[in-house]
Each structure stands twice: as C-alpha cells, then as structure tokens.
Amino acid sequence: MDPGPQVVGRQEQEGEDQDNDDAPDDVRPRQDKEEEEFKELVNGEDPEKQRSVVYVSDHGISWQGRRYVWLGRVCVMRIGSRAAFVGPHWYCTLLMFSVIIGVGSTFIFRIAKDLHWVHLVGGALSVFCSSEALLRCAFIDPGILQPHPNSPGGNVQPMQMLPARGERRCSACMITQPKGAMHCEFCHVCVAGWDHHCPWMGKCIGQSNLNAFYAFLCTSLTSLAYILIITVLSA
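Rules used throughout
- Residues numbered from 1 in each chain as written.
- Predicted model: local features only at pLDDT ≥ 70, side-chain atom pairs only at ≥ 80, totals over all residues.
- Heavy atoms only, no water.
- Helix = DSSP H or I, 4+ residues; strand = E, 2+ residues; numbered from the N terminus.
- Buried < 20%, exposed > 50% of the residue type's maximum accessible area, 1.4 Å probe, protein only.
- Polar contact = N/O pair within 3.5 Å; in protein donor to acceptor, adjacent residues only side chain to side chain.
- Contact = heavy atoms within 4.5 Å.
- Core = buried A, V, L, I, M, F, W, Y, C linked by side-chain atoms within 4.5 Å.
- Phe/Tyr/Trp six-rings, centres within 6.5 Å; stacked < 30°, edge-to-face > 60°.
- UniProt positions renumbered as here; feature names shortened; annotations may be inferred.

## Remarks on the side chain of N209
Take N209: it is sitting in the loop between β9 (203–205) and α7 (210–233). A relative accessible area of 0% means that N209 is categorised as buried. Looking at N209, its side chain comes within polar contact range of the main-chain oxygen of C204, at 3.1 Å. When sequence neighbours within four positions are dropped, the list of residues in contact with N209 reads C137, I140, D141, P142, K203 and C204.

## Some details on the nonpolar core
In terms of nonpolar packing, the biggest core is built from 13 residues, with L71, V74, V76, F85, I144, C187 and V189 touching the most fellow members. Those elements that provide at least two residues to this core are β1 (68–71) and β2 (74–79). Every residue in contact with V76, bar those within four places of it in the chain, is listed here: I61, W63, R67, Y68, V69, L71, A83, A84 and F85. Counting 12 residues, the second-largest nonpolar core is a separate cluster that includes A133, L134, L210 and F213.

## Side note on the packing of aromatic side chains
Under the counting rule described, the total for this entry stands at 3 aromatic pairs. Ring geometry for F107 versus Y226: centroids 5.9 Å apart, planes at 70°, classification edge-to-face. Note that F107 is positioned in helix α5 (residues 90–111) and Y226 in helix α7, a separation of 119 residues in sequence. Owing to a relative accessible area of 24%, Y226 belongs among the partly exposed residues under this scheme. On the basis of an interplanar angle of 50° and a centroid distance of 6.2 Å, the ring pair of F213 and Y214 is categorised as tilted.

## Some details on the UniProt feature "transmembrane region" (unreviewed entry) in the chain
Listed under "transmembrane region" (unreviewed entry) in the UniProt record, and renumbered for this structure, are residues 90–111 and 212–233. Taken end to end, residues 90–111 comprises 100% helix and 0% strand; its first and last C-alpha atoms sit 31 Å apart. End C-alpha atoms of residues 212–233 are separated by 32 Å, and the span's content is 100% helix alongside 0% strand.

Here it is as structure tokens:
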C-alpha cells in the first residue's frame, strides 16, 4: 500500500532530525552560534555588535603559515615582521617608480656631472627621497576595516558614491561603516577615512596613509622643481 506523500515527507523530516541529533555536541553549538551571528548581521538585529569596527592593522593578519593573504583585491604580503599592502593598480606604482628613477638618473649623469658636486648630491637625494616616499605610501595600510568572516566580498550594489556619514551598512563587507569610511569599487574593501583611490599608489588613500601621500607630493614636487630649475639654469 502506498504510504502517500505526507507520510514520506514526515519520514524524511524525521530522518533529518535524527541526523542533526547524531552530530557531536561540540559541533552543534558552534554551528548554531555561527548561523545566529550571520542572521543578526544580515538582518540587522544586533546594532550594538555592528557598531564595533575593527581595523586590520589593530586586529592583525591571520597568516596561518602563508606568505600573503587577500583582502578584497588588496594583496597583503608578509615581509619579515611587517606587512606590505599592495593594491590592484600596482603596475601604476611601478610606472611612477620608473619615472622617478629615469628622471633622476638623467639629471645626475647628463646634467649634474658637469656641475658642482653639490648638484650630484642634490640629484641623488631627490631620487632617494621621492622613491622612499612613494614606496612608503604604496605599501602601508590605508586603513582597511576588517570584514566579517562570512561576508560575500566584492563590490557593493548599488555602488557607494560618497563616504559614510555614520551608521551606513556595507552589504559586501557586512559591517557598519564609521563616519568617513567608504567601500572602494576598485579595492573591494572598506577604508576608514577614505580620501580617494589613487592608481599611482596602487590603492586607496585613507586615514592611515594620507600623511604619507602628502609627504610624497611635497617631496616629489620639490625634487622635480629643483631638477627643472638647475637644468634650465645650466643650459
């Protein structure tokens, strides 16, 4: 005799319940807790937990024996005891570095060599200081906010056009952004104190590397002005 679809469905449900009961006691509470946290973050049922913002630089990188990890499209590489944050537009940084070396080398070996030795030192310092300022800004953490472990990542839809004014929810990182933070459409991470995305630095400019960015602008523009003035006067 056919037991009917209702009986079959009841038997399948009882089988699933029995499988769940057979799960180890130390696994089920952890799974239930993770599911509850995920639902709370998605549905916004725990606003107090959402307000807790964690910075990657403060939380630390979970290397787990690896030499590099990915935060969105930002590659974090371990170099000794330090971490280098390489953005998705790293090739623009390499191009800028090549321009600095090329301009400085041309000035030193074609202009300054026929002038006073002071200009040789000045040219070398210009190249060194500009290169150091560029690499420092390009490799330090811009202020990336730690995404939730269950976050989908990627870009947000609709795209975020302006930095958050406080209590904005990021659907990609599954966190509540603090005031001034923004989810970058290129880096695919939330950056605190977001100023702009600079392709020449390879990634975003935020609260943690904004001073380094200003230092690079001052150093590189001063060095360029010095090279141009000496080149014109020596012509």
